[in-house]
Amino acid sequence: MNSLSEGPKAEAITVVLLEDDAPTLWRLQDALTKAGYQVKAAGTLAEARACLAQGAPKVLLTDLQLPDGHGVDLIRETRRRFPDTEIMVISILGDEESVISAITVGATGYLLKDAFPTDIAATVRDLVAGHSPISASIARFIVRRTQSTPEPPPGPALNTTKLTPREIDILWGIAKGFSYAEIASHLGLSRQTVPGHIKNIYRKLEVHTRGEAVFEAVQQGLIKL
Amino acid sequence: MNDHADDAQPDLPGRERRRLQASRLIQYLLLQAAIAGACVVALLQSLPGPPAQYRMTALQLTDAGIERAVTLPYFSPRRDAMNDPPRFSGQFVRPASEAAQPWSVFVPRFTNGVEVTVNGVVILDSRRDPAANRPDRNTPAIAVIPASVLRDGENAISIRLFIWGPITGFLDRIWVGPDAELRPSYDLRTLIFVTLPVVFSSWQAILAVILGIMWVMRRHEPAYGVLAAAMAVGVGQAFLQTPMGETPFSKLNVILISSAPIESALVLTFALLFSGWKWQRYGWILFIPGVLLALAGLFGNQAMVRALFLILAVPMVGISLLIMAVVTARSALKRPNVASLLLGCAVTIMLTCWIADLLSVFQMTPNRIFTSRLSYSAMLVAIGAGLTWRFARALNQVDGFAGRLVSQVREAEEKLKVSFAREEERARAAALARERTRLMRDLHDGLGGQLVSIVALSERGNGSAGIGDAARAALKDLRLVIDSMDDIGGDLMLALGSWRERAMAQLRPHDIALDWRAVTPQGVPVHPELRPWHVIQIVRLLDEAVTNAVKHANAKRITVRIETLAGADGHERGCITVEDDGKGFEITSDGTAAGAIKAARGLRNMRSRAARCGAELELSSCAQGTDQGADQGTRVRLTLPHRFPDSDGAAG
C-alpha cells in the first residue's frame with residue numbers, strides 16, 4: 001500500500017507502547033515487533049516517561065487506565081513535547097468515552113486491544129502514513145454532537161464548532177458504514193483525500209489549552225481530584 | 001370607555017380618512033335633519049278635540065277692572081299676585097233634549113291654574129291637583145257640571161285664570177258639552193300628558209337603579225354613576241309633588257326647581273364622559289346654574305326663584321342639549337356605534353322640542369303644549385337601548401372570549417401533550433444514554449479488560465485457539481450490546497455502519513471479502529419507532545448469516561445489499577440481503593436446513609429474530625453442483641416491516 005510499510009525504512013520506526021495488562025502488552029508488542037517496528041514497551045506512566053525522555057518516538061500507543069495515572073496526561077505531554085509523534089489510544093471496546101477523551105488531548109486514532117496481529121500492524125502503518133482510523137460509532141458520536149440539542153448529551157464534552165459541513169458529511173458517511181471510496185464519490189472528492197480529512201477532523205477536535213483539557217477531563221470523570 | 005377601542009378605525013391615509021369622515025358627517029347630519037323634520041311635523045299636528053259645536057272661543061275678559069271681549073286661546077301677561085286674577089265669562093246653551101245626560105266643562109290647557117264656575121257654583125279648581133299646577137306638564141282638566149246647577153237654555157260660565165309665573169298665563173279654547181263627547185279627548189290628553197310621563201318616570205327609576213348598580217360594580221366607569229344620579233334627580237322631580245303655599249316642606253321645592261338644570265348638567269357630564277372626555281375641575285361650571293337656583297330657592301322668595309328659573313334653567317337645558325348634540329355627533333364620527341347614534345338622535349329630538357317650547361313661551365306659536373319633558377322620554381329610551389346594546393355586545397364578547405379561551409386551552413393542552421410525550425421520550429433517551437455510559441465504563445473496566453487478557457493469553461499458549469475465539473466473540477457481542485443501546489434516532493444505517501466494521505474485522509482473518517452495496521442512497525428508511533432491542537435482533541440475525549457463511553459455506557465473498565423497496569401497499573420498506581458464494585445447503589419444504597443440526601438451529605434463530613421485529617425473512621440456498629452459477633450459495637433476505645412492533649412479537 002505504501003513504500004513506508006515494508007521497506008527497510010520500517011526498521012527506523014520507533015513505537016512506545018504503554019499497557020499495564022501484561023498479556024495484552026506482550027501480544028501487542030509481538031504483533032508490532034513481527035511487523036518490523038522498534039517497540040519500547042512500558043507498563044506504567046513512569047516507565048513510559050522514561051522511554052520518552054530518550055527521544056521522540058514515531059508512534060505512541062497508550063492505554064488510558066494505568067496504575068500510576070491516566071493515559072490522557074501522557075498523550076497531552078507527548079503532543080506538546082513531540083508534535084510529530086503520532087499518538088493512538090489502546091481501547092478495549094473502541095467506545096467514545098475512551099477514544100474521544102484521547103482525541104481531545106491530541107490522539108489521532110485508536111486501536112482495539114483484541115485486534116488481530118495483522119490488523120494491529122496495518123493500523124499503525126496507516127497511521128504513520130497519515131491515515132487516521134475512525135470507527136462508525138466514533139463518527140456517529142461526533143456528528144451527533146454537531147447537532148444542536150437542548151441539553152448536553154451524556155458522554156465526554158466535545159467542541160465541534162470548527163468542523164466544516166464537508167467534514168460533517170464525511171463523518172455521516174462513515175457512521176452509516178460507507179467506505180472511503182463511496183464517500184469520496186458521493187461528495188465529489190478524491191478517494192485519497194478522505195483519510196486526510198479525517199486526520200483534520202481529529203486535529204480540530206483537540207482542545208489546546210491545558211486548563212480546558214483538565215476541566216474537561218475532570219468533567220468526564222477521567223481525572224479524580 | 002375602554003370597550004370602544006375595537007371600534008376604532010384602522011389607520012388610513014389622511015386624505016382617505018378625511019373623505020370617510022366627511023361622508024359620515026353628511027350622513028349623520030342628514031339623519032338628524034330628518035329626525036328634526038319628523039319632530040316638527042309631529043308637533044304641528046294638533047290633538048283631536050271634541051266636536052266643534054261645544055267649543056267656546058268668544059268670552060268676556062275682566063282683568064284689573066276692565067272688561068273686554070277676547071277670543072281663546074288667550075295669552076295673559078305675567079303677574080305675581082294671586083289675588084284678583086283675570087276672569088273669563090260667557091254663556092252656553094244646554095238644549096232641553098240633552099237634560100238626560102251629564103254635561104261637563106273641559107279645559108284642555110291652561111297656565112297656571114283655573115277655577116271654573118257654572119251658574120255661580122264652583123265646579124273645578126285645578127290648584128287642588130298638584131300635577132296640574134306644573135306649567136311644564138300639559139295637564140288637562142274636566143269637571144262634570146252637577147245636574148242641579150245646570151239649567152235648560154242659557155247658562156253662565158266663568159273661569160278665573162291664576163298666574164304665578166314664571167311664564168305668562170294661557171287659556172286654551174274650552175268645551176262645554178255632554179260628558180260622553182268631551183271625555184275621549186280628555187282621556188287622550190291625560191294618557192299623553194299624565195300617564196305616559198308617569199310610565200317614563202317609572203322607567204327612569206328603574207334606569208337609576210340599574211345604572212347605580214352598574215356604577216357600584218364598575219367604579220372605574222364614572223359615566224354610569226353620573227347618569228344614575230341624573231336619573232335619580234329626574235325621578236325625584238317627577239314624583240315629588242309641589243305643594244302650593246308656604247308649608248314646612250316648601251323649601252324642598254328647591255330640589256324640584258333646580259332639578260332641571262342639575263339633571264341636564266348631569267346628563268351632559270355623562271355624554272361627555274361617554275364620548276371619552278376625562279373629568280376636569282372646570283367641569284363644575286356645568287352645575288353652577290343648578291346650584292344658584294337651589295340657593296335662590298333656599299334663601300330667596302318664590303317670585304325670585306321663578307324669575308331665575310327662566311334665565312338659568314331654560315338656557316342651561318338648551319346649552320346642554322347643544323353641547324350634547326356636538327359631542328354625540330363627534331363620537332358618531334370618530335367611533336360609530338349604536339349607543340352614540342341613539343344618543344345623538346334622542347338629543348336631536350329633545351333639541352327640536354326645546355326650541356318649540358321656547359317659541360311657545362315667547363308666544364310665537366298659537367298654542368302652548370310643552371313637549372320638552374315628554375321628549376326626554378326619547379333620551380330615556382335611547383339610554384335603555386344603548387345600555388342593552390352594550391350589555392348584549394359585552395355578552396357576545398365574553399362568549400367569543402370564552403370560545404377563544406376554550407380553543408386556546410385545547411391547543412395548549414395538545415401542545416403540552418405533545419411536548420410532554422417528547423419530553424418523556426427525551427428523558428427516556430437520556431436515561432438510556434446515562435445507563436449505557438455507566439454500563440460501558442463498567443464493562444470497560446471489568447469484563448472487557450478480562451476478555452482482552454483471555455484473548456492475549458490464548459494466543460501465547462498453544463492449542464487454546466478455541467478459547468481465544470470465544471473471548472473474541474464475547475468482546476464482539478459486548479460491543480454490539482453497547483452499540484445498540486446508543487440512540488441512533490431510528491436510522492438503522494447507523495447501526496449497520498458499526499456492524500459492517502465488526503463484520504469486516506471478523507472476516508479479515510478468514511480471507512473473506514465483504515462486498516457492501518448500499519443500492520439506494522439513503523439505504524433503509526428511517527424508523528422513529530426503532531428501539532435498541534429491534535437493533536440487537538436485526539444485527540444478531542445478520543451476524544448469524546455471516547457466521548453461517550464463514551463456518552459452513554466456505555464462502556470467499558459475502559455481499560450485503562441494502563435497499564429501499566416500494567411495497568405493494570405503497571409503503572417503502574427496507575431490505576437487507578446477505579449473500580455468499582459458498583456451497584449452500586438443502587432447504588426442506590418447511591424452510592429449515594436439511595444439513596447440519598447446528599446450521600438448522602442457526603436458521604431457526606434467524607427466523608425467530610425476524611418474527612420478533614415483524615420482519616420477513618427469506619432464505620434461499622442452492623447446493624453446489626447445480627447449474628445455476630450466478631445463484632450459487634446462500635441468500636438471506638430480510639425485509640423490514642413498515643413499522644416496527646412496540647412489544648416483543650411472538651417468536652415464530
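Residues numbered from 1 in each chain as written. Chains lettered and ligands numbered in written order. Predicted model: local features only at pLDDT ≥ 70, side-chain atom pairs only at ≥ 80, totals over all residues.

S.K.: Is there a simple way to explain unusual backbone geometry in this structure?
M.R.: For residues that are not glycine, phi is negative in most cases, and the peptide bond is trans in most cases. Residues and elements named next belong to chain B. Here the residue pair leucine 72 and proline 73 is connected by a cis peptide bond, since its omega of -5° sits within 30 degrees of zero. Within the fold, proline 73 resides in the loop between strand 3 (66-71) and strand 4 (74-76). The amide bond that connects threonine 111 to the next residue, asparagine 112, takes the cis arrangement and shows omega of 0°. The backbone of asparagine 119 shows a phi angle near 50°, a positive value even though the residue is not glycine. For asparagine 119, the location among the structural elements is in the loop between strand 8 (113-118) and strand 9 (121-125). By the C-beta count within 10 Å, which is 16 here, asparagine 119 ends up partly exposed. Phi at aspartate 511 is positive, roughly 60°, even though this residue is not glycine. Secondary-structure assignment places aspartate 511 in the loop between helix 11 (492-507) and strand 14 (513-518). (Helix = DSSP H or I, 4+ residues; strand = E, 2+ residues; numbered from the N terminus. Buried ≥ 20, exposed ≤ 12 C-beta atoms within 10 Å, placed from the backbone.)

S.K.: Where do I start with the sheet that holds strand 7 (residues 110-111) of chain B in this structure?
M.R.: Strand pairing in a sheet is mediated by backbone hydrogen bonds. Such pairs are either parallel or antiparallel. All names here are of chain B. The sheet built from 3 strands is open, its strands ordered 4-12-7 with antiparallel pairing. If you trace the sheet from one side to the other, it starts and ends with strand 4 and strand 7, each paired once. Here 3 bridges tie strand 4 to strand 12 (residues 169-171), and the two strands are oriented antiparallel to one another. Looking at the pairing, tyrosine 74 lines up with leucine 171 of strand 12. (Pairing = 2+ DSSP bridges.)

S.K.: What's the story with helix 2 (residues 22-34) of chain A in this structure? I'm lost.
M.R.: Since one α-helical turn is 3.6 residues long, residues separated by three or four positions face the same way. Taking 1.5 Å as the rise per residue, helix 2 of chain A with 13 residues should run 18 Å; its terminal C-alpha atoms sit 18 Å apart, in good agreement. Summarising the contacts, the buried residues of helix 2 of chain A are in contact with strand 1 (14-18), strand 2 (38-42), strand 3 (59-62) and helix 6 (117-128) of chain A together with helix 9 (372-460) of chain B. (Expected span 1.5 Å × (residues − 1). Contact = placed C-beta atoms within 7 Å.)

S.K.: When you look at the UniProt feature "transmembrane region" (unreviewed entry) in chain B in this model, what are you seeing that I'm missing?
M.R.: All names here are of chain B. Those residues carrying the UniProt feature "transmembrane region" (unreviewed entry) are residues 25-47, 191-217, 223-240, 252-276, 282-300, 307-329, 341-362 and 374-392 in this numbering. The span residues 223-240 is 94% helix and 0% strand, and its two end C-alpha atoms sit 26 Å from each other. Annotated as residues 341-362, this span is 95% helix and 0% strand, and its ends, taken at the C-alpha atoms, are 32 Å apart. (UniProt positions renumbered as here; feature names shortened; annotations may be inferred.)

S.K.: I would appreciate a short explanation of the UniProt feature "modified residue: 4-aspartylphosphate" (unreviewed entry) in chain A in the present structure.
M.R.: UniProt annotation of "modified residue: 4-aspartylphosphate" (unreviewed entry) refers to Asp63(A) when read in the numbering used here. With 27 C-beta atoms packed within 10 Å, Asp63(A) lands in the buried category.

S.K.: Quick question: what am I supposed to make of the environment of Gln537(B) here?
M.R.: Residue and element names in this part refer to chain B. Relative to the assigned elements, glutamine 537 resides in helix 12 (residues 532-552). Expressed as a C-alpha distance, the spacing of glutamine 537 and arginine 609, which sit 72 residues apart in the sequence, is 5.5 Å. Setting aside anything within four residues of it in sequence, one finds glutamine 537 in contact with Arg609, Arg612 and Cys613.

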